[in-house]
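Spelled out, the chains give:
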Amino acid sequence: MSEPDQPPAGAPGDPSGLGPGVRQPWLERYDVAAKAGGLLAPVLTALLAFAVGGLVVLITTGKNPLATYRAIFEGAGFNWFLPWVSGAERQAAAFNMQQTLIITTTLILTGLAVAFAFRCGLFNIGGQGQFIIGAIFAVWIGSSFEGLNPFIHVLVAAVAGALCGALWAGIAGFLKATVGAHEVISTIMLNWIAIWVGVFLFGLGGPLQNDRQEFVPVSNDIVEGAKLPVFWGDPIFQGLHVGFFVAIGALVMYWLILSRTTLGYSVKAVGFNPEAARYGGINVPRNYFLAMAISGAFAGTAGAMDVLGWQYRLSTDSIKGATIAFVGIAVALLGRNTAIGVALAALLFAGLLTGTATRNLDPEVFRPELASNLTLLIQGLVVLFVGADLIVLWLMDRVRRRKPA
């Protein structure tokens, strides 16, 4: 059998200009970088974001960006890993590291909620609503049934949070699968519905309002048996709870589903090209629904871990003011939707959030009241620059090609 005709080099049908079957060298290198875990581009993206953020700090405040970032590094507890840190400084670093890892737990799960939907070609902006719904059901179960076996109590509350988050996201998946409603619009609307459902439930006179403080819009506290055990630090001062291992397990599950199951294959196929996947016999609407439901389960689990691990209650103010799941979008983008990438990005953003806390920054180094704005600035820059991965690699190739042999 003869080979099909292919265009000669430089012909209109040959976009590379190098002949049939030959790709641009910089595209080949981009593929190599992606196959290597996508490490190069995200690192450059993060460094660029921090560089621009430091420039803004220098211009607007006159403070030394390096001293500011060092203070954030120490405030996040990352100096705990340095062997020469000892004594009281090491104890402070350990406490800060515990707080960073608590936030990392939440960001891993909310990052996976965005990343899994991305793999199916969906943009899940509803992580915050799914997070809230998971927290609502976890606090309801966790504050009820006092005297229940602690292991069963924690398990039921956590599973309820995950399932309810899955059902909440499944609404957007169902609408996408049946009538083609865009998931961005539906998940944004579901976010607001979740917020006001929470405000109704825990507001004054609400069905789940605290029954001991009738003038305080807050839930009942999680009973002692439903609290997640702390394995590092003092439980009274929010030590690191076992939900951290739940987040690590979720990373493993995410990787296994996508790389070792037919469901993961179908999800990725739909994400690459839904029409080609449909032609190949894959049920595209079913995968839309499942991808959103699984994403919601991750976000719902994050809400449950927060409530059972350290918040122990929900108030109307905390529900309306929470934005942690939105950071999961930046985590997924910087992590390139890979398990290890999401973990590292979550640790980075958690360190920023902890390190810029008011109690951790010396006013002589950087004004603490501006620290949270610096965090938001860097988050925004990461999202802005994350789309520049291909451009960065292309520019690197152009620089190499101009160097004399």
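Scoring rules and cut-offs
Residues numbered from 1 in each chain as written. Predicted model: local features only at pLDDT ≥ 70, side-chain atom pairs only at ≥ 80, totals over all residues. Heavy atoms only, no water. Axes fitted to C-alpha atoms, helices over the stretch in contact; angles between N-to-C directions. Helix = DSSP H or I, 4+ residues; strand = E, 2+ residues; numbered from the N terminus. Parallel < 35°, antiparallel > 145°, perpendicular 65-115°, else oblique. Left-handed = near helix turned anticlockwise from the far one by under 90°. Contact = heavy atoms within 4.5 Å. Nonpolar A, V, L, I, M, F, W, Y, C, P; charged D, E, K, R; others polar. pLDDT = per-residue confidence, 0-100. Expected span 1.5 Å × (residues − 1). Buried < 20%, exposed > 50% of the residue type's maximum accessible area, 1.4 Å probe, protein only. Arc of directions from axis to C-beta. Phe/Tyr/Trp six-rings, centres within 6.5 Å; stacked < 30°, edge-to-face > 60°. Lys NZ or Arg CZ within 6 Å of the ring centre and 35° of its normal. 1 Å grid on protein atoms, 1.4 Å probe; cavity = no way out; pocket = protein on both sides within 12 Å on 5 of 7 lines; lining within 4 Å. Points joined across faces, edges and corners; volume = space filled by probe spheres on them. Salt bridge = Lys/Arg side-chain N within 4 Å of Asp/Glu carboxyl O.

### Brief notes about the packing of helix α5 (residues 127-142) against helix α7 (residues 183-202)
Moving on, step 1. Between α5 and α7, the least distance of the axes is 7 Å, while the angle of their chain directions is 25°. Considered as vectors, α5 and α7 are oriented roughly parallel to each other. Considering only the axes of α5 and α7, their crossing is left-handed. Contact residues: G127, Q128, G129, I132, I133, I136 and V139 in α5; N191, A194, I195, G198, L201 and F202 in α7.
Moving on, step 2. Residues of the contact of α5 with α7, tallied by class, amount to eight nonpolar, five polar and no charged.

### Details of the confidence of the model for the chain
A low pLDDT score tells you not to read the predicted coordinates there in detail.
Moving on, step 1. Scored by pLDDT, the chain comes out at a mean of 84, with 84% of its residues at no less than 70.
Moving on, step 2. For the chain, helix α1 (residues 25-35) is the element with the lowest average pLDDT, namely 44, and helix α8 (residues 243-260) is the one with the highest, namely 96.
Moving on, step 3. Segment residues 1-37 is flagged for pLDDT under 50; beyond a separation of four residues in sequence, or across chains, it makes 35 contacts in the model.

### Remarks on the packing of helix α4 (residues 87-119) against helix α13 (residues 324-334)
Moving on, step 1. At a minimum axis distance of 7 Å, the contact between α4 and α13 shows a crossing angle of 65°. Crossing geometry of α4 relative to α13 is assigned as right-handed. On the side of α4, the interface is formed by I103, T106, L107, T110, G111, V114, A115 and F118, while α13 contributes I324, A325, V327, G328, I329, V331, A332 and L333.
Moving on, step 2. Of the residues assigned to the contact of α4 with α13, the class counts are twelve nonpolar, four polar and no charged.

### Digging into the side chain of S266
Moving on, step 1. Residue placement: S266 occurs in helix α9 (residues 262-272).
Moving on, step 2. Sequence-distant contacts of S266, that is, excluding residues within four places in its chain, are made with I282 and N287.

### Some remarks on α8
Moving on, step 1. Look at α8: 25 Å from first C-alpha to last across 18 residues, which is about the 26 Å you get at 1.5 Å a residue.
Moving on, step 2. Residues G243, F244, A247, A250, L251, Y254, I257 and L258 constitute the buried set of α8. End-on view of α8: buried residues confined to an arc of 145°, all on one side of the axis.
Moving on, step 3. At its buried positions, α8 is contacted by α4, β1 (230-232), β2 (240-241), α9, α11 (284-311) and α14 (339-355).

### Some remarks on the packing of aromatic side chains
Moving on, step 1. Per the stated rule, a full pass over the model turns up nine aromatic pairs.
Moving on, step 2. Ring geometry for F244 versus F245: centroids 5.8 Å apart, planes at 70°, classification edge-to-face.
Moving on, step 3. The lysine or arginine in question, K176, covers the ring of Y288, its NZ or CZ lying 5.4 Å from the ring centre.
Moving on, step 4. The ring of Y312 is capped by K227, whose NZ or CZ atom sits 4.4 Å from the centre of that ring.

### Looking at unusual backbone geometry
Leaving glycine out, the prevailing phi sign among residues is negative, and the prevailing peptide bond configuration is trans.
Moving on, step 1. In this structure, F145 is a non-glycine residue whose phi angle is positive, near 60°.
Moving on, step 2. Its location among the elements puts F145 in the loop between α5 and α6 (150-179).
Moving on, step 3. Since its relative accessible area comes to 51%, F145 is described here as exposed.
Moving on, step 4. At Q238, a position not held by glycine, the phi torsion is positive, near 55°.
Moving on, step 5. Within the secondary structure, Q238 sits in the loop between β1 and β2.

### Here's the deal with the layout of surface pockets
Moving on, step 1. Here the largest pocket is characterised by a volume of approximately 640 Å³.
Moving on, step 2. Surrounding the largest pocket, 28 residues form its lining, I103, D306, W310, I324 and L353 being those nearest its centre.
Moving on, step 3. Sort the elements by how many residues they give to the lining of the largest pocket and α4 lands first, with five residues.
Moving on, step 4. Its residues assigned to classes, the lining of the largest pocket comprises 18 nonpolar, eight polar and two charged.

### So, the pattern of salt bridges
Moving on, step 1. Per the stated rule, a full pass over the model turns up six salt bridges.
Moving on, step 2. Notably, a salt bridge pairs R212 with D211, separated by 3.8 Å at the nearest N-O pair.
Moving on, step 3. Its relative accessible area of 71% is what places R212 among the exposed residues.
Moving on, step 4. Residue D211 is classed as exposed on the basis of its relative accessible area of 60%.
Moving on, step 5. Between D221 and R313 there is a salt bridge whose closest N-O contact spans 2.8 Å. On the criterion of sequence distance, the pair formed by D221 in the loop between α7 and β1 and R313 in the loop between α11 and α12 (316-321) is long-range, its members being 92 residues apart.
Moving on, step 6. Looking at R313, the relative accessible area reads 36%, which means it is partly exposed.

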